[in-house]
Amino acid sequence: MGAAYFYHLTRRPLQETLPVLLQKARGAGWRIVVRGQASDQMRWLDECLWQGSEDSFLAHGLAGGPHDALQPILLTTSNESANQPECLLTVDGAAVTPEEVQALERVCILFDGNDETALQLARDQWKSLTGAGCSAQYWSEESGRWEKKAEA
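Residues numbered from 1 in each chain as written. Predicted model: local features only at pLDDT ≥ 70, side-chain atom pairs only at ≥ 80, totals over all residues. Heavy atoms only, no water.

Participant: Break down the layout of surface pockets for me, citing the residues and quoting the values.
Facilitator: Of the volumes computed, that of the largest pocket is approximately 400 Å³. If you trace the largest pocket, you find 25 residues lining it, with Asp92, Leu110, Phe111, Asp112 and Ala118 closest to the centre. When residues of the lining of the largest pocket are assigned to their parent elements, the largest contribution, five residues, is made by helix 4 (residues 116–131). For the lining of the largest pocket, a count of residues per class yields twelve nonpolar, nine polar and four charged. Estimates place the volume of the second largest pocket at around 220 Å³. Taken together, 13 residues form the lining of the second largest pocket, with Tyr5, Tyr7, Leu21, Lys24 and Arg106 sitting closest to its centre. Among the elements that make up the lining of the second largest pocket, the one with the highest residue count is helix 1 (residues 14–27) (four residues). Taken together, the residues that form the lining of the second largest pocket break down as eleven nonpolar, no polar and two charged. (1 Å grid on protein atoms, 1.4 Å probe; cavity = no way out; pocket = protein on both sides within 12 Å on 5 of 7 lines; lining within 4 Å. Points joined across faces, edges and corners; volume = space filled by probe spheres on them. Helix = DSSP H or I, 4+ residues; strand = E, 2+ residues; numbered from the N terminus. Nonpolar A, V, L, I, M, F, W, Y, C, P; charged D, E, K, R; others polar.)

This is the structure:
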C-alpha cells in the first residue's frame, strides 16, 4: 500500500520542483506518470524537462506517442497509464483516487501555495484520501528546504 505526499509549493515554482521529485522517483527505480488537467500545461512541462541540464536529463514523453509504454516518465492528462507506473505525480489539481494511492508505491500531489483555489483543492484531496484510509504526508518548503509537517 502506497502513500500520498502533498507538496506545498511556496518558494520554488513547479518547473523547478518537478525535476527534483522526478529524479528522486527515478532513483528509486520507479516508472512515473505526471498527470495534469490541461494539455497546454503538459506540453509546457515537456519543454521545461527538455531544457534541463545535460547531467540531469530525464528521459520522458508526452502521452499519445507510439512509445508510451516504454517511457520511464509519461506526461498526460488521462487517468490511464500506458507505462505501468509505480509513482504518480499530479499537478494543477489533477484528480487522484484512493485506489491509485493504495495500488502505487507513491502518489505526489504538487500544489501552488500562492493560489487559494489550489490550496482548497489540496485540502479537499487530503480529506478525501485520508478519509478513505490512505496514508498521507504534508511537505512544506516555507523554511527554505522541504520539511514534513504532518502525517495521517
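Right, picking up where we left off after that structure.
Participant: Run through the sheet that holds strand 3 (residues 61–62), naming residues and quoting values.
Facilitator: Sheets are built from strands that pair by backbone hydrogen bonding, the pairs being arranged parallel or antiparallel. With respect to topology, eight strands assemble into an open sheet ordered 3-4-2-5-6-1-7-8, the strand pairing being mixed. Because the sheet does not close on itself, it has two edges, and the strands there are strand 3 and strand 8 (147–151). One ladder, built from seven bridges, connects strand 1 (residues 3–9) with strand 6 (residues 106–112); its direction is parallel. If you follow Phe6 over to strand 6, its bridge partner there is Ile109. The sheet strands contacting helix 2 (residues 39–50) are strand 2 (32–35), strand 3 and strand 4 (73–76), and the helix crosses strand 4 at an angle near 150°. Packed onto the sheet, helix 4 meets strand 1, strand 6, strand 7 (135–140) and strand 8 and runs at close to 155° relative to strand 6. (Pairing = 2+ DSSP bridges. Contact = heavy atoms within 4.5 Å. Axes fitted to C-alpha atoms, helices over the stretch in contact; angles between N-to-C directions.)

Participant: A description of the side chain of Glu100 should follow, citing residues and the corresponding values.
Facilitator: Position of Glu100 among the secondary structure elements: in helix 3 (residues 98–103). Residue classification places Glu100 among the buried residues on the basis of a relative accessible area of 17%. At 2.5 Å, the side chain of Glu100 forms a polar contact with the side chain of Arg35. In this view, Glu100 contacts Arg35, Asn79, Leu88, Ala95 and Val107; residues no more than four positions away in its chain are not counted. (Buried < 20%, exposed > 50% of the residue type's maximum accessible area, 1.4 Å probe, protein only. Polar contact = N/O pair within 3.5 Å; in protein donor to acceptor, adjacent residues only side chain to side chain.)

Participant: Summarise the environment of Glu47; cite the residues concerned and give the values.
Facilitator: Topologically, Glu47 is positioned in helix 2. With 49 residues separating them in the primary sequence, Glu47 and Val96 have C-alpha atoms 24 Å apart.

Participant: Explain the side chain of His8 residue by residue, including any values.
Facilitator: One can find His8 in strand 1. Apart from residues no more than four positions distant in its own chain, His8 is found in contact with Phe111, Gly113, Leu119, Tyr138, Trp139, Ser140, Glu141 and Trp146.

Participant: How would you summarise the environment of Pro85 if you had to cite specific residues and measurements?
Facilitator: Relative to the helices and strands, Pro85 resides in the loop between strand 4 and strand 5 (87–90). Pro85 sits in the buried class, given a relative accessible area of 17%. Non-local contacts of Pro85, meaning those with residues more than four positions away in its chain, are made with Arg31, Ile32, Val33 and Leu104.

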